[in-house]
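Residues per chain, in single letters:
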Amino acid sequence: MAGGFDPGEALKVLEKTFGAAAPGAEIRKPGLPAPLTGSSVHTLAVDITDQRLQLAFNGPDPRDRDAEVLELLAAVLGGPGGRLQRALDAGGFSPRSVFASLAVNRGFSRFLVSASLPAGADGRKALAALLAELDLLAGGGPTVPETDAARRSLLTEESLGRERLHYFLMGKAPWV
């Protein structure tokens, strides 16, 4: 909380809203979510013209080295010109955007892939194209130039974030 307020009054409001907590109380370790297993397709009809595909799986603790590898993998896969964008373009899907990222949570991470497609696209075929590209990547891994470009991109983002300290802190807060 920031700004001009009476700490005692603010604590009363917080206690009334969220319940009492002893100052300095130990934070309990959260339980890990159940693994994301199998596959399912959910359809939600809304009044927007685009379609969105999302894939996800639970990953390691963000402090594990494997999480760093997944962050690099997200940079290889996502964004303009990434492997998933190229795979969808090659399939004729004309994606509006393709993202891959590692969402950091307490005790676990979640790897996310999201693609936005025009309304007329065949979502199931686009999903099959994404999964085929992931299978291809799993079989051979990214190329050295792809990995180097992704690493440079991540380092550039971090460097630019340091120039604007609040951006850097917002980006690193989940890891801390």
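Residues numbered from 1 in each chain as written. Predicted model: local features only at pLDDT ≥ 70, side-chain atom pairs only at ≥ 80, totals over all residues. Heavy atoms only, no water.

1. Side note on the confidence of the model for the chain
And step 1. Looking at the chain, the pLDDT average stands at 82 and 84% of residues meet or exceed 70.
And step 2. The least confident element of the chain, judged by mean pLDDT, is helix H6 (residues 165–172) at 68; the most confident is helix H3 (residues 83–90) at 94. (pLDDT = per-residue confidence, 0-100. Helix = DSSP H or I, 4+ residues; strand = E, 2+ residues; numbered from the N terminus.)

2. Here we look at the pattern of salt bridges
And step 1. Summed over all chains, the structure comprises eight salt bridges.
And step 2. A salt bridge links Glu146 to Arg86; the nearest nitrogen and oxygen atoms lie 2.9 Å apart. Remark: Arg86 occurs in helix H3 and Glu146 occurs in helix H5 (residues 144–163); sequence separation between them is 60 residues.
And step 3. Take Arg86: its relative accessible area is 42%, and that puts it in the partly exposed class.
And step 4. For the salt bridge of Arg151 with Asp148, the shortest nitrogen-to-oxygen distance reads 3.6 Å. (Salt bridge = Lys/Arg side-chain N within 4 Å of Asp/Glu carboxyl O. Buried < 20%, exposed > 50% of the residue type's maximum accessible area, 1.4 Å probe, protein only.)

3. Concerning unusual backbone geometry
And step 1. We note that Ser94 has phi near 45°; this positive angle belongs to a residue other than glycine.
And step 2. Locating Ser94 in the fold gives a position in the loop between H3 and strand S2 (97–104).

4. What to know about the sheet that holds strand S1 (residues 51–59)
And step 1. Ordered in space as S1-S3-S2, the three strands form an open sheet in which the pairing is antiparallel. What marks the edges here is a single partner per strand, and that holds for S1 and S2. On average, each strand axis in the sheet is inclined to that of its neighbour by 15°, with strand direction left out of account.
And step 2. As paired elements, S1 and strand S3 (residues 109–117) share nine bridges and run antiparallel to each other. From the neighbouring strand, Gly59 faces S3, where its bridge partner is Ser109.
And step 3. Packing of helix H4 (residues 123–140) onto the sheet brings it into contact with S1 and S3, and relative to S1 it is tilted by some 35°. (Pairing = 2+ DSSP bridges. Axes fitted to C-alpha atoms, helices over the stretch in contact; angles between N-to-C directions. Contact = heavy atoms within 4.5 Å.)

5. Description of helix H1 (residues 7–18)
And step 1. End to end, H1 covers 16 Å across twelve residues, agreeing with the expected 16 Å (1.5 Å per residue, within 8%).
And step 2. Judged by how many residues are buried, H1 sits mostly at the surface: one of twelve residues are covered.
And step 3. The opening residue of H1 is Asp6, an N-cap whose side-chain oxygen sits 3.0 Å from the backbone nitrogen of Gly8.
And step 4. Once H1 finishes, Gly19 follows within two positions and takes phi at roughly 95°, a positive value. (Expected span 1.5 Å × (residues − 1). Polar contact = N/O pair within 3.5 Å; in protein donor to acceptor, adjacent residues only side chain to side chain.)

6. Points about the nonpolar core
And step 1. Core analysis: the biggest nonpolar cluster contains 20 residues, and Leu88, Phe93, Phe111 and Leu117 have the highest contact counts within it.
And step 2. Listed by contribution, the elements that provide at least two residues to this core are helix H2 (65–77), H3, S2, S3 and H4.
And step 3. Those residues within four positions of Phe93 in sequence are excluded, and the remaining contacts are Leu88, Leu117, Pro118, Ala121, Asp122, Lys125, Ala126 and Ala129. (Core = buried A, V, L, I, M, F, W, Y, C linked by side-chain atoms within 4.5 Å.)

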